[in-house]
Amino acid sequence: MRKFALHEYVAVRLLLPARLQPPVIAAVAYMHRTDELIDTGEMSVRQAALRSWAERTAPALEADEPPADHTLLALWDSVRRHPHMAARVRAFLAGAPVEAAWTGFDTEADFQDYVDRYALPALMLTASLLAPRPDAGADDPFAAGCRALIEGWQRCDFLADLAEDAAHGRIGIPQDELLRHGVKFEDLRSTSQACVPALEHLVRSQTDRAETALAACRDLPSLVAVEYRPFLDALVGVQELRLAAVRRKGGDLLYREAGPAPMASVAVLTRQFRRAWAHRRRRSHDISSGTSIR
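Volume-wise, the largest pocket comes out at about 1500 Å³. Taken together, 50 residues form the lining of the largest pocket, with His32, Asp35, Trp153, Asp157 and Asp161 sitting closest to its centre. Each residue belonging to the lining of the largest pocket can be placed in one class, and the counts come to 28 nonpolar, nine polar and 13 charged.

This is the structure:
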């Protein structure tokens, strides 16, 4: 996790209670391992890899004996400590064929379907550890906040990865949006300078949508226990910084990826660490003095 998601890893290590760090990291590692297996190569190869991985995962959710694979071993241990995670893993795997067969989106509706069926269940592997709601309906505020967060996050990721994805022959911006802004996929793939002005407008439109989604999840931290709020605030804050970096890059995303400004990210994490540390000190004091706490 430290290698592929440094900001999120630091947030977990600094801001979450020690007891929750192992299962969160195990869940993210499992999600990333799954994504790596089904993200590249011919579609038939990706689909076969997913079937094999799902078969290997099943015993980690049900068997008494620990699996040999290190990622599945960590998942096995986490599921035994947090039984609700088994249902979350199954929901994630149920949506994973969408990613294994993904070649891009024709319409905005296709993007939204991808978020619902794959990206959101992936997020809920970790989010459910902060506020387990195995039977939550669509009107649950926490579920709605997670949905808004992952929509903004996923849209931003697709923009940040535009150059790499185009080189692999697929991008996460819907085809109807490309047409509306006069951007041709062939120009993106060939990194033609001619499409940069139109791409600027496309990036602005997509970042506006991502910004709206992130704004809709701003109340998410208030829906979890106090000790988890600094982590969620930092998670949303880093995504906002990443989105700002993508917006600044604009048409230059065709040539290079965009990431959050390092010093601004450090400032967000430092601010939330102070909040988390203050809460832990108050909690320790309340416990030692016998005060009732939540």
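What follows is about the packing of helix α1 (residues 6–15) against helix α12 (residues 229–249). Two numbers describe how α1 lies on α12: the axes approach to 10 Å, and their chain directions differ by 160 degrees. Considering their axes alone, α1 and α12 lie roughly antiparallel with respect to each other. Crossing of α1 over α12 shows right-handed handedness. On α12, the residues touching His7, Glu8, Ala11, Val12 and Leu15 of α1 are Pro230, Phe231, Ala234, Leu235, Val238, Gln239 and Arg242. Residues belonging to the contact of α1 with α12 are distributed by class as follows: eight nonpolar, two polar and two charged.

Attention shifts here to the side chain of Ser205. Mapped onto the elements, Ser205 comes out in helix α11 (residues 196–215). Once residues within four sequence positions are removed from consideration, Ser205 is found in contact with Glu177, Arg180 and His181.

We now examine the packing of helix α6 (residues 108–130) against helix α7 (residues 141–160). Taken N-terminus to C-terminus, the directions of α6 and α7 make an angle of 115 degrees; their axes are 8 Å apart at the nearest point. One element, α6, and the other, α7, form an angle in the roughly perpendicular class. When you trace α6 past α7, the crossing you get is right-handed. Here α6 contributes Glu108, Phe111, Gln112, Tyr114, Val115, Asp116, Ala119, Leu120, Leu123, Met124 and Ala127 to the contact with α7, which in turn contributes Phe142, Cys146, Arg147, Leu149, Ile150, Glu151, Trp153, Gln154, Arg155 and Phe158.

So, on to α7. An ideal rise of 1.5 Å per residue puts 28 Å on 20 residues; α7 measures up with 28 Å between its terminal C-alpha atoms. Among the 20 residues of α7, 16 are classified as buried, and the element is accordingly described as predominantly covered.

The rules behind these values
Residue indices follow the written sequence of each chain, beginning from 1 at its first position. With the structure being a predicted model, the display of local features is reserved for residues of pLDDT at least 70 and the display and counting of side-chain atom pairs for 80 or more, all residues being used for whole-chain, interface and lining totals. Calculated side-chain values reflect all of the structure's heavy atoms, with hydrogen atoms and water omitted. Put simply, the grid is 1 Å and covers the protein atoms alone, a cavity is a trapped set of points that fit a 1.4 Å probe, a pocket is an open set with protein on both sides within 12 Å along at least five of seven lines, and lining residues have an atom within 4 Å of a point. Grid points are joined across faces, edges and corners, and a volume is the space filled by probe spheres set on the points. Three classes are used, and their members are as follows: Ala, Val, Leu, Ile, Met, Phe, Trp, Tyr, Cys and Pro are nonpolar, Asp, Glu, Lys and Arg are charged, and the others, Gly among them, are polar. To obtain each axis, a line is fitted to C-alpha atoms, and for helices this fit is confined to the stretch in contact; angles are then taken between N-to-C directions over 0 to 180 degrees. We count a stretch as a helix when DSSP gives it H or I for four or more residues in a row; a strand needs E for two or more, and each element gets its number in order from the N terminus. Orientation is classified from the angle alone, with under 35 degrees giving roughly parallel, over 145 giving roughly antiparallel, 65 to 115 giving roughly perpendicular, and any other angle giving oblique. By convention, the crossing between two helices is left-handed when the near helix turns anticlockwise from the far helix through less than a right angle, and right-handed when the turn is clockwise. Here a residue-residue contact requires only that any non-hydrogen atoms of the pair lie within 4.5 Å. Expected span, for any helix, means 1.5 Å times one less than how many residues it has. A simple rule labels every residue: compare its accessible area, found with a 1.4 Å probe on the protein chains alone, to the largest value its type can have, and call it buried under 20%, exposed over 50%, or partly exposed in between.

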